[in-house]
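Observations on the model geometry
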Amino acid sequence: MRAEILALAAQELHPRGASVAALRLVQAHFGWVSTAHLREVADLLGMSADDLDGVATYFNLLFRRPVGRHVIMLCDSVSCWIMGRETLCAHLCRKLGIRPGETTADNAITLLPTVCIGHCDHAPAMLVDNTLHGDVTPASLDHLIATLRDTP
Amino acid sequence: MMAASERPLTAMIDPAAGPPDCATYERAGGWQAARLALGRLTPAEVIDWVTRSKLRGRGGAGFGTGQKWSFVPKEPASERRKYLIANADEMEPGTFKDRWLLEGNPLQLVEGMILAAYAVQAGHGIVFLRGEYQEACVRLDRAIGEARERGWLGENILGSGFSFDIHVHSSAGRYICGEETALLTALEGRRATPRSKPPFPQTGGLWGAPSVVNNVETLCNLPHIIANGPEWFAGLGLGEDGGTKIYGVSGRVAKPGAWELPIGTPLRQIIEDHAGGMRPGYQLRALLPGGASTAFIDTTALDVAMDYGSVEKAGSRLGTGMAIILDERTCPIGMIRNLEHFFAQESCGWCTPCRDGLPWVERLLDAIEDGTGREEDMEQLDRHARMLGAPGRTFCAHAPGAMAPLASGLKLFAADFAAHIQQGRCPHHAGAGP
């Protein structure tokens with residue numbers, strides 16, 4: 001991974017231009033960005049860890065805390081709100097026994113809100129591990145939760 | 001000659017077949033424009049054609065594309081580092097038009113970027129893509145790879161002496177990156193705060209080099225303007241503006257979706273003919289015509305032509321052209337609270353009025369919607385709408401955009417605000433589900 005990060009940095013006019021790409025690479029591999037990894041990436045890019053942490057904490061999709069095996073990101077923006085996302089969120093919280101921002105005890109699922117994901121013609125919508133789901137209903141959520149719990 | 005379609009942007013998009021490959025794209029008329037421009041037109045001529053086409057930026061601000069390019073220093077790409085950046089950070093709530101173009105026909109964007117880069121003589125292309133658009137990222141990477149393999153990207157394209165290549169930057173989710181100077185800051189690996197202007201990006205942009213940032217839909221229009229001529233393109237529009245526009249509708253309409261129509265199509269026609277009108281049992285109360293940062297208009301304005309000037313005269317903005325419908329069974333205060341939560345969360349935090357003012361607005365709306373609002377909260381909301389809404393009081397356009405639905409909502413829904421405060425509860429069952 002160090003070689004990959006250095007290759008990303010080499011593509012940029014200045015190495016720090018690769019900071020988001022490098023952090024995404026770390027997260028794709030480990031699920032989140034730990035402080036130890038953040039420090040290593042900062043070294044590779046010639047940045048201070050604080051400077052890079054400013055970038056890492058700025059973006060919604062970069063996780064600085066561990067998440068479960070799967071991440072459900074339920075859209076909380078306006079079109080999905082109109083189409084009933086609050087009911088779905090309450091349903092998910094009840095079924096999973098967690099609140100938004102938390103992970104289930106078996107570490108299977110983290111529930112997070114997300115801003116508009118550009119699927120408003122199929123609201124309410126969500127991203128599950130980068131896969132887009134539209135026209136979400138309580139029944140489709142129940143099915144999804146069962147599937148995710150069985151998937152490593 | 002490329003078939004002069006009445007819906008040029010989406011004519012080649014076939015969800016069942018997937019995005020066209022280079023050969024299919026070429027058979028349908030693709031690459032004609034790049035061949036013509038790089039072979040027979042000077043960069044100045046391309047800028048002139050695009051200016052005459054009356055194309056205006058489709059990202060929301062509506063600045064003339066040719067005019068935007070005209071501020072870029074004229075040195076050839078070989079003599080000065082310059083950037084052409086496609087803004088594919090589509091994050092305006094209610095907006096899903098660029099996704100359609102990115103997933104449906106990524107080669108069209110590639111050709112549009114070649115044309116724009118040639119016009120401003122930029123050797124370096126970047127697609128700034130929102131991180132959530134994974135499928136678009138895969139298809140775009142494939143299209144760029146294929147275009148490079150066939151000599152449409154890289155050194156000395158078509159023997160023209162012009163060299164240009166494209167790199168995809170997959171972002172990580174932050175609304176303000178759609179603001180062009182914040183986008184440049186993000187590309188430099190910093191917290192994406194907007195920059196003061198001047199210098200404008202055209203003279204001092206990415207890493208200090210001249211840079212042009214154009215929206216995806218804007219760039220996708222270019223192959224058609226060059227292949228069919230500026231007069232043809234200008235003639236597609238029904239009013240002052242040139243071309244077609246991707247319009248969309250979300251909310252409780254029968255058929256939410258997006259459609260490519262002549263720019264200037266009346267709003268009523270988009271809602272009734274294309275979105276199929278309201279769902280049975282729901283009535284249209286008001287709407288945001290072009291995304292979350294545009295002002296509400298009510299049913300008295302439904303006949304407005306959806307072009308930049310007409311929507312402005314009706315008291316709002318065309319924005320992204322993607323309308324969000326408020327039905328009469330959904331609480332308008334709940335809707336505004338949702339919008340302001342978004343803007344408060346997505347404020348970059350750089351300037352104090354925006355960083356502190358937007359959460360204040362959100363808290364006031366929370367109280368009113370939850371039934372604990374007081375009379376004096378209305379005064380406070382009105383004050384914020386005026387102070388944060390005026391351009392120049394905050395560092396960038398984020399807070400004024402956030403105040404557009406609030407200021408218009410305070411007027412249009414005055415009776416609803418009063419009812420919430422007087423009754424100490426929300427009279428609607430907002431967002432109660434399908």
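As the structure is a prediction and not an experimental result, all values here were calculated from the model. (Residues numbered from 1 in each chain as written. Chains lettered and ligands numbered in written order. Predicted model: local features only at pLDDT ≥ 70, side-chain atom pairs only at ≥ 80, totals over all residues. Heavy atoms only, no water.)

1. Quick look at the interface of chain B and chain A
Defined as follows: In this analysis, two residues are considered to be in contact whenever any of their non-hydrogen atoms come within 4.5 Å of each other. Joining two parts hides part of their accessible area as seen by a 1.4 Å probe, and the buried area is that hidden amount summed over both. The working definition used for a salt bridge is a side-chain nitrogen of Lys or Arg within 4 Å of a carboxyl oxygen of Asp or Glu. By the criterion applied in these results, polar contacts are pairs of N or O atoms within 3.5 Å in which, for protein atoms, one can donate a hydrogen and the other can accept it, and in which residues neighboring in sequence qualify only through two side-chain atoms. Each helix corresponds to a stretch of at least 4 residues labelled H or I by DSSP, and each strand to a stretch of at least 2 residues labelled E; elements are numbered beginning at the N terminus. The residue classification treats Ala, Val, Leu, Ile, Met, Phe, Trp, Tyr, Cys and Pro as nonpolar and Asp, Glu, Lys and Arg as charged. All others, Gly included, are polar.
Contacts between the two partners involve 57 residues from chain B, matched on the other side by 38 residues from chain A. Counting the surface lost from both chain B and chain A, the interface buries some 3800 Å², and carbon and sulfur atoms represent 58% of this. The three residues of chain B that bury the most area against chain A are Ala-172, Arg-191 and Trp-207 of chain B, which together make up 16% of that side's buried surface. Inspection of the region where chain B meets chain A yields 0 salt bridges. Linking chain B to chain A there are 19 residue pairs in polar contact (both at pLDDT 80 or more). When residues of the side of chain B that touches chain A are traced back to their parent elements, those giving at least two are β3 (165–170), α8 (180–187), β9 (322–327) and α13 (332–346) of chain B. In terms of residues, the side of chain B that touches chain A owes the most to one element, α13 of chain B, which gives 8 residues. Tallied by class, the residues present in the side of chain B that touches chain A amount to 23 nonpolar, 21 polar and 13 charged.

2. Topic: the state of the cysteines
Residues and elements named next belong to chain A. To be explicit about the condition: Throughout, a disulfide means two cysteine sulfur atoms within 2.5 Å of one another. Residue exposure (1.4 Å probe, protein chains only): buried if accessible area is under 20% of the type maximum, exposed if over 50%, otherwise partly exposed.
For the coordinates displayed, the defined rule picks out 0 disulfides over all chains. You can see Cys-89 has no disulfide; the closest cysteine sulfur is in Cys-93, sitting 4.3 Å from it. You can call Cys-89 buried: its relative accessible area is 10%. Just so you know, Cys-116 is unpaired, no disulfide at all, and the nearest cysteine sulfur is the one on Cys-120, 3.6 Å from it.

3. Re the packing of α13 of chain B against helix α14 (residues 352–370) of chain B
Residue and element names in this part refer to chain B. The criterion, for reference: What counts as an axis is a line fitted to C-alpha atoms, over the stretch in contact for a helix, and the angles between N-to-C directions run from 0 to 180 degrees. Geometric relationships in this document are graded by angle, where less than 35 degrees denotes roughly parallel, more than 145 denotes roughly antiparallel, 65 to 115 denotes roughly perpendicular, and other angles denote oblique. The sense of a crossing depends on the near helix, which, turned anticlockwise from the far helix by less than a right angle, makes the crossing left-handed and, turned clockwise, makes it right-handed.
With their axes 9 Å apart at the nearest point, α13 and α14 run at an angle of 155° to one another. In terms of axis orientation, α13 runs roughly antiparallel to α14. Where α13 crosses over α14, the two elements pack in a sense that is left-handed. Residue-level inspection shows Ile-333, Gly-334, Ile-336, Arg-337, Glu-340, His-341, Phe-343 and Ala-344 of α13 in contact with α14, the latter providing Leu-358, Pro-359, Val-361, Glu-362, Leu-365, Asp-366, Ile-368, Glu-369 and Asp-370. Each residue belonging to the contact of α13 with α14 can be placed in one class, and the counts come to 9 nonpolar, 2 polar and 6 charged.

4. Observations regarding the nonpolar core
To be explicit about the condition: Residues belong to a common nonpolar core when they are buried Ala, Val, Leu, Ile, Met, Phe, Trp, Tyr or Cys residues joined through side-chain atoms within 4.5 Å. Start and end positions for the domains come from either an automated domain assignment or a database one.
Core analysis: the largest hydrophobic core is formed by 91 residues, its most contacted members being Phe-59 of chain A together with Ile-85, Phe-296, Met-335, Leu-381, Leu-406 and Phe-417 of chain B. The greatest single-element share of this core, amounting to 7 residues, is contributed by α13 of chain B. Both of domain 1 (2–58) and domain 2 (70–150) of chain A provide at least three residues apiece to this core. Ignoring any residue separated from it by four or fewer positions in sequence, one finds Phe-59 of chain A in contact with Val-20 of chain A together with Ser-171, Ala-172, Gly-173, Arg-174, Cys-177 and Ala-186 of chain B. Among the nonpolar cores identified, the runner-up in size contains 69 residues, and Trp-152, Ile-246, Ala-258 and Met-322 of chain B belong to it.

5. Some words on the packing of aromatic side chains
The geometry of an aromatic ring pair is captured by the separation of the ring centres together with the interplanar angle, meaning the angle of the planes. Put simply, the rule reads: Note on aromatic pairs: the rings of Phe, Tyr and Trp (six-membered ring only in Trp) are paired at centre separations within 6.5 Å, and the planes decide the class, stacked below 30 degrees, edge-to-face beyond 60, tilted for the rest. The rule is short: NZ of Lys or CZ of Arg within 6 Å of the ring centre and within 35 degrees of the ring normal puts a charge over the ring.
Across all of its chains, the model carries 11 aromatic pairs over all chains by this definition. Where Phe-162 of chain B meets Phe-164 of chain B, the ring centres are 6.2 Å apart and the plane angle is 10°; that geometry is what we call stacked. A ring pair is formed by Tyr-175 of chain B and Phe-343 of chain B, whose centres lie 6.0 Å apart and whose planes are at 75°; its orientation type is edge-to-face. Here the residue Tyr-175 of chain B occupies a position in the loop between β3 and α8, and Phe-343 of chain B occupies one in helix α13, the gap between them amounting to 168 residues. Like Tyr-175 of chain B, the residue Phe-343 of chain B is buried in the burial classification. Following the ring pairs from residue to residue traces out a cluster consisting of Tyr-25, Trp-31 and Trp-152 of chain B. It is Arg-174 of chain B that lies over the ring of Tyr-58 of chain A; its NZ or CZ is 4.3 Å from the centre.

6. Some words on the sheet that holds strand β4 (residues 211–215) of chain B
All names here are of chain B. For clarity, the cut-off: Paired strands are those between which DSSP finds at least two bridges.
Judged by pairing direction, the sheet is parallel, and its 4 strands sit side by side in the order β3-β2-β1-β4 without closing on themselves. Each edge of the sheet is formed by a strand with only one pairing partner; in this case those strands are β3 and β4. The average undirected angle you get between the axes of adjacent strands in this sheet is 20°. Where strand β1 (residues 83–88) and strand β2 (residues 124–129) come together, 6 bridges link them in parallel fashion. By the bridge assignment for β2, Leu-84 is matched with Gly-125. Lying over the sheet, helix α7 (residues 134–149) contacts β2 and β3, oriented at roughly 165° with respect to β3.

7. Details of the domain arrangement of chain A
The domains assigned to chain A are domain 1 (2–58) and domain 2 (70–150). For domain 1 of chain A versus domain 2 of chain A, the distance between C-alpha centres works out to 29 Å.

8. Topic: the side chain of Thr-110 of chain A
Looking at where Thr-110 of chain A falls in the secondary structure, it is placed in strand β2 (residues 109–114). For Thr-110 of chain A, the residues in contact, after removing those within four places along its chain, are Val-67, Gly-68, His-70, Val-71, Ile-72, Glu-102 and Thr-103 of chain A.

9. Quick look at the environment of Val-361 of chain B
Residue and element names in this part refer to chain B. Examined against the element boundaries, Val-361 turns out to sit in helix α14. For the pair Val-361 and His-341, spaced 20 residues apart in sequence, the C-alpha separation works out to 8.7 Å. With residues near it in sequence (within four places) discarded, Val-361 still touches Glu-340, Leu-381, His-384, Met-403 and Leu-406.

10. A short note on the pattern of salt bridges
Opposite charge on two side chains makes pairing possible when the charged atoms of those side chains draw close. Counted by the stated rule, this structure contains 34 salt bridges over all chains. As a salt-bridge pair, Asp-53 of chain A and Arg-64 of chain A come within 2.7 Å of each other at their nearest N and O atoms. In this pair, Asp-53 of chain A is assigned in helix α4 (residues 49–56) and Arg-64 of chain A in the loop between α4 and β1 (70–75), connecting sequence segments 11 residues apart. Note that Asp-48 of chain B and Arg-52 of chain B form a salt bridge whose closest N and O atoms lie 2.9 Å from each other. Residue Asp-48 of chain B and its partner Arg-52 of chain B are located together in helix α3 (residues 43–52), separated by 4 residues, close to a single helical turn. Its relative accessible area of 39% is what places Arg-52 of chain B among the partly exposed residues.

11. Notes on the pairing of strand β5 (residues 244–250) of chain B
Residue and element names in this part refer to chain B. When you tally the buried positions in β5, you get 7 out of 7 residues, the bulk of the element. Going residue by residue along β5, you find Thr-244, Ile-246, Gly-248 and Ser-250 tucked away on one face and Lys-245, Tyr-247 and Val-249 tucked away on the opposite face as well. As paired strands, β5 and strand β6 (residues 257–262) are joined by 6 bridges and run antiparallel to one another. Directly across from Val-249, in β6, lies its bridge partner Gly-257. As consecutive antiparallel partners, β5 and β6 are separated by 6 residues, and within that stretch Gly-251 has a phi angle of approximately 110°, a positive value. Pairing analysis gives 3 bridges linking β5 to β9, with the strands arranged parallel. Opposite Ser-250, over in β9, you have Ile-324 as the bridge partner.

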